[in-house]
Amino acid sequence: MDSILAVEHVSFGFEDSGIEVIEDVSFKVNEGEFVSIIGPSGCGKSTLLRIIAGLIPPKKGKVYYAGKKVGGPAHGMGFVFQDFALMPWLTNLENIKIGLALTDFEEDKKNDIAIGLMNKLGLGGLGMQYPNSLSGGMKQRVGIARAIAAAPNVLLMDEPFSALDELTAENLRSDIVYMLESQDISVKSIIMVTHNVEEAVELSDRVIVLSNKPSHLKRIEQIKHKRPRDRKAAWFGNMESDIYADLTG
Amino acid sequence: MDLLSLILRLIVDTSASWLRMFIALFFSVIIGMLVGIYAAISDRAAKIILPVVDVLQTLPILAFFPFVIFVVVSVLPGSIGINTAVIFLIITSMLWNIIFGAYEAVRTLPKEMVEVADLYRFSGFDKLRKIFIPASIPRVIEQTRLSWAIGLFYLVTSEIFSVGNSKYQVTYGIGAALVTLGATNIYYYFIGIAVFIAFLIATILFFFNPLEKRFSLDETRDVDVMGYKRAAALVSTVRKISYVERATKLLVSGSTKIGRSGARFAMRARAPYPGNNRPVKKERSGRFSRYMPYAVAVAVILISGYFAIQSNILQYEGEVLIALFATLARVWVAYAVILLVALPLCVYLLFISGNKSRYTSTFQIIASIPATILMPLIVIAFKDMPFGPNIVAFLIFFLSGVWYVIFGITSNSGVLKSIIEVKNVFGVKGKDAWKRIYIGAVLPGLITGSITAIAAEWNASIVAEYFTSSGISGTGSTVITSVGYGMGKLLDLALNANNIGLLALAIINMILMIYLINFFVWKKLYKRVADYYK
């Protein structure tokens, strides 16, 4: 398998305090892979995701996307935010079209793409409404539509389900898995930051476990089982306890 | 005058001004707390108090000062009357945010606390003493910083105004002293400004900071650490001289507090972003409010028709309208320039520079100095130019209003971090960014900031449009600056001529104009913003 994204010896620290937050983290993401990054809270996993996205420059090390060094937000990677980060003053449709800012499509074409995505994600007919009239789950669907509007190959998700209630989160998780596996969307690989071990084990092909500050790579867990996975299966429980032990130990 | 006696005189003047400020603050806190608590515990009272306070705080109360001073002095003659009028005026500037502060504090009180009190059969007075007053104290104290900053503008401006009208001049006051010095010796004037700023910093350090530390509920907020960080950025070039560093640190931490509470004030009432816990007010439903402005317009026509029968009122009304529109034009031209400067600046600070605190702390130092204090300088620099008086008025208006817009917008950064990330990750740039991101992001803060800014401009008009030296030279009166037509000028002249009818008519016209602008401009914009957050 070809790797689509490579993180090489990335370190990060806050300048004024001089404290290292991330220490020498390296891993690769292959095409078609769902990778979760998990770690104790405050370990810098969201920062790591932002470094991958090109939002923050790393202190040391490099990130390569499709063979090229990431020097700023890269075309080809979409980003889903934990708090949705929708503009309350734009309609849902306009919010999704934000994701098309870097493309040079005509306005009509942009509208078509956004409306198509809304229908696909169960948001049909809500285009002219404002985000604040939506439930949390619907808001995150708008956030996902925005992230995949420009047909990225890699989708970066920063705790995308943690602001949702469990039932809503479960629905959205299975929709994303379905879209990924049916190759219904352009996204080939997903990197998800989470603090929820169960979620990581349920969704990922690989789980990257980070240690506490300064965080470095503690363990990489391959999961070969087919999705959808049975949470009650014996291997599921064992793996969960292993990762928990790593996180708390 | 030798330097020592000048400084002593200035200290006496500033102390006199500060005494007025503290008396006004004392009454404002007591009245504000009681009214705010009453509004919070009685829904019926809230229905009347909140809308009234909302209107009162958008009125340029200083423009009514000539009227107030006329009435008060005719009842209480001499310096007692003038001081009463000045203190009353400062109270009217300090009170409103304190009322809202107390109201919010009690409204956000956990319901269980009141239930406990009911359970143990507290009397109404006991509830007030043991629950409502202690609960509202931290919020009210937080608000007093802003009250102080606004009050200072009113105080200085009203004192300067009194100098232009020898009959009504305050004997001691830093605002009065500064214009007198400005007209006689510019070097002394700068010493006066230095004394004023020294008092300002001392008040913040030795009064407001300890007070807030003592009563603040928020243990995590460390006043000094915050100020120090900003100070460190500012004084990096003079780091070696330790006393400069220390002085700057004190100055910055002090002014930062005023600026920040100013910003908080701008946010307080209206901006419906998260972090502002006062719920967005629902539009009053029903025909009554919808047709209200039209009813008002009809009433105006009928009343003016009635007065038209009396010919001199008709003539007054003509004068008032010309003056009103002249000042309106100046105020809005200055406001347009404020927007041209403040919008790109704020967008740069919030979205592009990534280090807004370093710049805003610099602004906050400058902004805590009332703009009208610069009157003498501006007059000297511009009065002999073509359109000199108009330039003077314009500059004072600009300086009085611009900070409110800047702080209104920059304080609105609660949701900004993720918005900046969205902008970067999806590469929204240029015109697209203005249309889709900047304007929407700054709009709530822009509206609140603009309303306060325009009120501040009107306030400044009573000294910026017309000013004479009667109180300076003592004999006769030289016009120092005077525009052709203007509301500030009209109010000044009407007061000097004891023309109570003209004063009253001018005020009625101003109230109507502000009411109509609020209704047709700001309410509409608010409604649009409120729609997003429904």
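All values derive from a computational prediction rather than experimental measurement.

Draft legend 1. Seen up close, the overall build of chain A. Summing up its helical and strand segments, chain A has 7 helices and 10 strands in all. Whereas a compact globule of 249 residues would reach a radius of gyration of roughly 18 Å, chain A reaches 18 Å, a difference of no more than 12%. Here the C-alpha coordinates of chain A stretch approximately 50 × 45 × 35 Å along the principal axes. Counting over 249 residues, chain A shows a buried share of 43%.

Draft legend 2. Structural view of the interface of chain B and chain A. Opposite the 17 residues of chain B that make contact, chain A presents 19 residues. Of all the elements in the fold, those that place two or more residues in the side of chain B that touches chain A are helix H16 (416-425) and helix H17 (430-464) of chain B. Ranked by residue count, the leading element in the side of chain B that touches chain A is H16 of chain B, at 6 residues. Its residues assigned to classes, the side of chain B that touches chain A comprises 9 nonpolar, 4 polar and 4 charged.

Draft legend 3. Here's a closer look at the sheet that holds strand S5 (residues 68-69) of chain A. Residues and elements named next belong to chain A. Judged by pairing direction, the sheet is antiparallel, and its 4 strands sit side by side in the order S2-S1-S4-S5 without closing on themselves. One side of each edge strand has no neighbouring strand; the edge strands of this open sheet are strand S2 (20-30) and S5. The pairing of strand S1 (residues 3-13) with S2 spans 7 bridges and is antiparallel. Directly across from Val7, in S2, lies its bridge partner Phe27.

Draft legend 4. Region of interest: the sheet that holds strand S3 (residues 34-38) of chain A. Residues and elements named next belong to chain A. The strand order across the open sheet built from 6 strands is S6-S7-S8-S3-S9-S10, with neighbouring strands paired in mixed fashion. With partners counted over all chains shown, the strands left at the sheet margins are strand S6 (77-80) and strand S10 (217-222), one partner each. Sheet twist, expressed as the mean angle between neighbouring strand axes with direction ignored, is 15 degrees. Pairing between S3 and strand S9 (residues 206-210): 4 bridges, direction parallel. The residue bridging Val35 from the neighbouring strand is Arg206, located in S9.

Draft legend 5. A look at unusual backbone geometry. Residue and element names in this part refer to chain A. The step from Arg227 to Pro228 runs through a cis peptide bond, and the omega angle for that step is -5 degrees. Along the chain, Pro228 falls in the loop between S10 and helix H7 (234-248). Its identity as a non-glycine residue notwithstanding, Ala85 has a phi of 50 degrees, on the positive side. Along the chain, Ala85 turns up in the loop between S6 and helix H2 (92-98).

Draft legend 6. Spatial organisation of the domain arrangement of chain A. Residue and element names in this part refer to chain A. By domain assignment, chain A separates into domain 1 (1-76 + 189-249) and domain 2 (80-151 + 162-187). For domain 1 and domain 2, the distance between their C-alpha centres works out to 24 Å. Domain 1 puts 6 residues into the contact, and the matching count from domain 2 is 7 residues. Its residues assigned to classes, the side of domain 1 that touches domain 2 comprises 4 nonpolar, 1 polar and 1 charged.

Draft legend 7. A look at the pairing of S3 of chain A. Residues and elements named next belong to chain A. Most of S3 sits inside the fold, with 5 of its 5 residues counted as buried. Where S3 lies against strand S8 (residues 189-194), 5 bridges are found, and the strand directions are parallel. Within S8, the residue paired with Val35 across the bridge is Ile191.

Draft legend 8. Inspection of the pairing of S1 of chain A at higher detail. Sheet topology note: the S1 of chain A/strand S4 (residues 60-65) of chain A ladder contains 5 bridges and is antiparallel. In the sheet register, Leu5 of chain A faces S4 of chain A, and the bridge partner there is Tyr65 of chain A.

Draft legend 9. Region of interest: the nonpolar core. By size, the foremost hydrophobic cluster in this structure holds 205 residues, and its most contacted members are Ala145, Leu156 and Ile191 of chain A together with Ile90, Ile396 and Ala506 of chain B. For this core, the leading source of residues is helix H4 (residues 78-107) of chain B, giving 17 residues. For this core, the two domains that each supply at least three residues are domain 1 (1-76 + 189-249) and domain 2 (80-151 + 162-187) of chain A. Contacts of Ala145 of chain A, omitting those with residues within four sequence positions, involve Ile96, Leu117, Met118, Leu121 and Leu123 of chain A.

Draft legend 10. Broad picture of the packing of helix H7 (residues 174-184) of chain B against helix H14 (residues 375-382) of chain B. All names here are of chain B. Where H7 contacts H14, the two axes come as close as 8 Å, and the packing angle between them is 30 degrees. Our classification of the angle between H7 and H14 gives roughly parallel. As for the relative orientation of H7 and H14, their crossing is right-handed in sense. For the pair H7 and H14, the contacting residues are Leu178, Val179, Gly182 and Ala183 in the first and Met375, Pro376 and Leu377 in the second.

Draft legend 11. Spatial organisation of the packing of H17 of chain B against helix H20 (residues 500-532) of chain B. Residues and elements named next belong to chain B. Between H17 and H20, the shortest axis-to-axis distance is 10 Å and the interhelical angle comes to 160 degrees. When the axis of H17 is compared with that of H20, the two are roughly antiparallel. Crossing of H17 over H20 shows left-handed handedness. In this structure, H17 contributes Leu443, Pro444, Ile447 and Ile451 to the contact, and H20 contributes Trp522, Leu525, Tyr526 and Val529. Residues belonging to the contact of H17 with H20 are distributed by class as follows: 8 nonpolar, no polar and no charged.

Draft legend 12. Structural view of H17 of chain B. Here H17 of chain B contains 35 residues, and its C-alpha end-to-end distance of 39 Å is more than 12% below the 51 Å for a straight helix at 1.5 Å per residue. Leu443 of chain B marks where H17 of chain B bends most, by close to 50 degrees; the proline Pro444 of chain B follows one to four residues later.

Draft legend 13. Region of the structure containing the environment of Ala194 of chain B. Residues and elements named next belong to chain B. Among the structural elements, Ala194 can be located in helix H8 (residues 186-215). According to the C-beta neighbour criterion, Ala194 is exposed, with 12 such atoms within 10 Å. For the pair Ala194 and Thr144, spaced 50 residues apart in sequence, the C-alpha to C-alpha distance is 23 Å.

Draft legend 14. Representation of the environment of Gly449 of chain B in the model. Inspection of the secondary structure puts Gly449 of chain B in helix H17. In this structure, the C-alpha to C-alpha distance between Gly449 of chain B and Ile409 of chain B, residues 40 residues apart in sequence, is 6.9 Å.

Draft legend 15. Geometry of the confidence of the model for chain B. All names here are of chain B. The predicted model of chain B has a mean per-residue pLDDT of 74, with 73% of residues at 70 or higher. Looking at the elements of chain B, mean pLDDT is at its lowest for helix H9 (residues 223-234), recorded as 34, and at its highest for helix H1 (residues 3-41), recorded as 90. Per-residue pLDDT stays below 50 along residues 218-248; that stretch engages in 34 contacts with residues further than four places along the chain or on separate chains. Segment residues 265-286 is flagged for pLDDT under 50; beyond a separation of four residues in sequence, or across chains, it makes 51 contacts in the model.

Draft legend 16. Inspection of the environment of Ile56 of chain A at higher detail. Residues and elements named next belong to chain A. Along the polypeptide, Ile56 turns up in the loop between helix H1 (45-53) and S4. Placed 165 residues apart in sequence, Ile56 and Glu221 show a C-alpha to C-alpha distance of 27 Å. Apart from the residues within four sequence positions on either side, Ile56 is in contact with Thr47, Arg50 and Ile51.

Reading guide: rules and limits
- Residues numbered from 1 in each chain as written.
- Chains lettered and ligands numbered in written order.
- Predicted model: local features only at pLDDT ≥ 70, side-chain atom pairs only at ≥ 80, totals over all residues.
- Helix = DSSP H or I, 4+ residues; strand = E, 2+ residues; numbered from the N terminus.
- Rg over C-alpha atoms; globule rule 2.2 N^0.38 Å.
- Buried ≥ 20, exposed ≤ 12 C-beta atoms within 10 Å, placed from the backbone.
- Contact = placed C-beta atoms within 7 Å.
- Nonpolar A, V, L, I, M, F, W, Y, C, P; charged D, E, K, R; others polar.
- Pairing = 2+ DSSP bridges.
- Axes fitted to C-alpha atoms, helices over the stretch in contact; angles between N-to-C directions.
- Domains from an automatic or database assignment.
- Core = buried A, V, L, I, M, F, W, Y, C linked by C-beta atoms within 7 Å.
- Parallel < 35°, antiparallel > 145°, perpendicular 65-115°, else oblique.
- Left-handed = near helix turned anticlockwise from the far one by under 90°.
- Expected span 1.5 Å × (residues − 1).
- Bend = angle between axes of the 7 residues up to and from the residue.
- pLDDT = per-residue confidence, 0-100.

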